[in-house]
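Chain residues, written in single-letter form:
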Amino acid sequence: MNDKIKAIKDRLGDRLLILAHHYQSDEIVAAADAVGDSLKLAQIAAANKTAELIVFCGVHFMAETADILTEDNQLVFMPDRRAGCPMADMADMSSAKAAWAKLTEIFGDSIVPITYINSKAEIKAFCGAHGGTTVTSGNAPSVIKWGLEKAKRILFLPDQNLGRNTAYDLGIGLEQMAVYHRETGEVEFEGNPENIRMILWDGYCPIHHRISLDHVKAARANNPDAKIIVHPECTFEVAEAADGKGSTEYLIKATANGSDFVVGTEQHLVNRLINANPDKNIAMLDNKAVCEDMGLTNDESLLALLEALERGDYPEPIKVDKETAADALKALNIMLSL
Ligand code: 13P
Ligand code: SF4
């Protein structure tokens, strides 16, 4: 299959760009032109002006982002369109509008909305339309700092963990954070609303959220010399108990210096780090942290898509409607300029 994929890539040349997230399987990573975390892939998509066929091996929100950031003549396809993101599904336009009405009633006109790039295009558009931006785990501190300078408080969607972990590191205490419960509309906070700086949507990534303090304790007991590093989508207690936290690109770079690590993130990436560093002692913090949506793309579905593209028999591309894309682009462009 690899040979067939390579032959089609050679024949399509610059017309084709295959992008893969780090959580993809080894065969997909081997077939890709570029591999990265969400930030890096968004930047590559935005910079590429030659590929008319972009194949995104990741999940739906990433392909949507690539569509928004590329030109009209560039089409974005996914080998398996079913690959979604449970966290992105935790916020949609109607729940964001309901939240906004409630929050502005409590906090007045003092909120800037910021959404993790792991969100639906309509949520990025919601943020763009309200003067806000997007954020990824790779640039969260600078974007949240921007938000706190721009407005009295941030509505951070949909990942409460990335919002809480990053804001805390910037000096915002837990007592200055509220949680918005999307199902009940309840806004949870203590004390004077005037003191609230972060309003956290109650979404989370089920894969990182399941990594627990018990995993950290067990890793410390089994590997007392190892550095425990985790993705900021992990819970606050896990992130605080770890020795370091950061985006996927951070986790990869961090393992370059030193020899003993326990890594808390999606299993495909940790396995690749283990295999790429046979001389180091790298272990998994939780061996059940597997993103099944990321796993939906495989070499069979990639080859089938490439064959169809080469025949000119295009499946439906991933398309964001013009109005949504225009507002989402405002939000994305602020992030990319930061
Ligand atoms: P990053 O790619 O920003 O590290 O996010 C991890 C993730 O969960 C992607 O779905
Ligand atoms: Fe979504 Fe988490 Fe899977 Fe990333 S790892 S795609 S955030 S569910």
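Here the structure is shown first, and the text comes after it.
Nothing here was measured: the structure is a model prediction, and the numbers come from that model.

Criteria and cut-off values
Residues numbered from 1 in each chain as written. Chains lettered and ligands numbered in written order. Predicted model: local features only at pLDDT ≥ 70, side-chain atom pairs only at ≥ 80, totals over all residues. Heavy atoms only, no water. Buried < 20%, exposed > 50% of the residue type's maximum accessible area, 1.4 Å probe, protein only. Helix = DSSP H or I, 4+ residues; strand = E, 2+ residues; numbered from the N terminus. Pairing = 2+ DSSP bridges. Phe/Tyr/Trp six-rings, centres within 6.5 Å; stacked < 30°, edge-to-face > 60°. Near = heavy atom within 4 Å. 1 Å grid on protein atoms, 1.4 Å probe; cavity = no way out; pocket = protein on both sides within 12 Å on 5 of 7 lines; lining within 4 Å. Sits in = over half its atoms within 2 Å of the grid points. Nonpolar A, V, L, I, M, F, W, Y, C, P; charged D, E, K, R; others polar. Arc of directions from axis to C-beta. Contact = heavy atoms within 4.5 Å. Points joined across faces, edges and corners; volume = space filled by probe spheres on them. Disulfide = S-S within 2.5 Å. Polar contact = N/O pair within 3.5 Å; in protein donor to acceptor, adjacent residues only side chain to side chain. Areas by Shrake-Rupley, 256 points an atom, 1.4 Å probe, with all protein chains shown as cover.

The buried fraction of strand β7 (residues 153-157) is high, at 5 of 5 residues. Burial along β7 is two-sided: Arg 153, Leu 155 and Leu 157 and Ile 154 and Phe 156, pointing in opposite directions, are all buried. Here strand β5 (residues 111-116) pairs with β7 via 5 bridges, running parallel. For Ile 114, the partnering residue across the bridge sits in β7 and is Phe 156. Alignment of β7 against strand β10 (residues 198-201), held across 3 bridges, turns out to be parallel. Directly across from Leu 155, in β10, lies its bridge partner Ile 199.

So, on to the packing of aromatic side chains. Pairs of aromatic rings are described using the distance from one ring centre to the other and the angle between the two planes. The final tally for this structure, using the stated rule, is 5 aromatic pairs. Between Trp 100 and Phe 126 the ring centres are 5.6 Å apart and the planes differ by 85 degrees, which places this aromatic pair in the edge-to-face class. In this pair, Trp 100 is assigned in helix α5 (residues 93-107) and Phe 126 in helix α6 (residues 121-129), connecting sequence segments 26 residues apart. The two residues Trp 100 and Phe 126 agree in class, both being buried. Both rings, one in Tyr 168 and one in Phe 236, keep their centres 4.8 Å apart while their planes meet at 80 degrees; by these two values the pair is edge-to-face. A residue pair is termed long-range when its members are at least 10 positions apart, and Tyr 168 in helix α8 (residues 160-169) and Phe 236 in helix α11 (residues 236-241) qualify at 68 residues. Judged by its relative accessible area of 34%, Tyr 168 is partly exposed.

Here we take up the site of ligand 2. Taken together, Tyr 23, Val 59, Cys 85, Pro 86, Met 87, Asn 118, Cys 205, Ile 207, Glu 233 and Cys 291 make up all the residues around ligand 2. Using a 2 Å cut-off from the grid points, one finds that ligand 2 occupies the largest cavity. Here the shell around ligand 2 is composed, by residue class, of 8 nonpolar, 1 polar and 1 charged.

Let us now look at helix α3 (residues 38-47). Since the α-helix advances by 3.6 residues per turn, residues separated by three or four positions end up pointing in the same direction. Among the residues of α3, those classed as buried are Ser 38, Leu 39, Leu 41, Ala 42 and Ala 45. The buried residues of α3 occupy an angular sector of 165 degrees when the element is viewed end-on, so they sit on one face. Elements that come into contact with the buried residues of α3 comprise β1 (16-21), β2 (34-36), β3 (53-57), α4 (60-69) and α16 (322-337).

This brings us to empty space enclosed by the protein. In total, this model carries 2 cavities of 30 Å³ or more according to the counting rule given. Each pocket or cavity is described by its volume, and for the largest cavity that value is around 240 Å³. Together, 27 residues line the largest cavity, and Tyr 23, Phe 61, Asn 118, Glu 233 and Met 294 are the ones closest to its centre. Going through the elements one at a time, α3, α4 and α9 (206-209) are the ones with two or more residues in the lining of the largest cavity. Looking at the lining of the largest cavity, the element that brings in the most residues is α9, giving 3 residues. There is about 60 Å³ of room inside the second largest cavity. Ser 38, Leu 41, Ala 42, Phe 56, Met 62, Thr 65 and Ile 117 are the residues that line the second largest cavity. The dominant element in the lining of the second largest cavity, judged by the number of residues it contributes, is α3, at 3 residues. For the lining of the second largest cavity, the residue count by class is 5 nonpolar, 2 polar and no charged.

Put plainly, a disulfide is one covalent bond tying together the sulfur atoms of two cysteines. For the structure shown, the criterion picks out 0 disulfides. With no disulfide of its own, Cys 234 lies 8.4 Å from the sulfur of Cys 205, the closest cysteine sulfur.

Once that is clear, we can look at the site of ligand 1. His 21, Tyr 23, Asp 37, Ser 38, Met 62, Tyr 116, Asn 118, Ser 137, His 231, Glu 233, Thr 248 and Met 294 make up every residue found near ligand 1. The backbone of Ser 38 places a nitrogen or oxygen atom 2.9 Å from an oxygen atom of ligand 1. Contact distances for ligand 1 include 2.6 Å between an oxygen atom and a side-chain N or O atom of Ser 137. Taken by itself ligand 1 offers 300 Å² of open surface, and the protein chains cover 96% of this. When atom positions are compared with the pocket grids, ligand 1 is found to occupy the largest cavity. Among the residues making up the shell around ligand 1, the classes are represented as 4 nonpolar, 6 polar and 2 charged.

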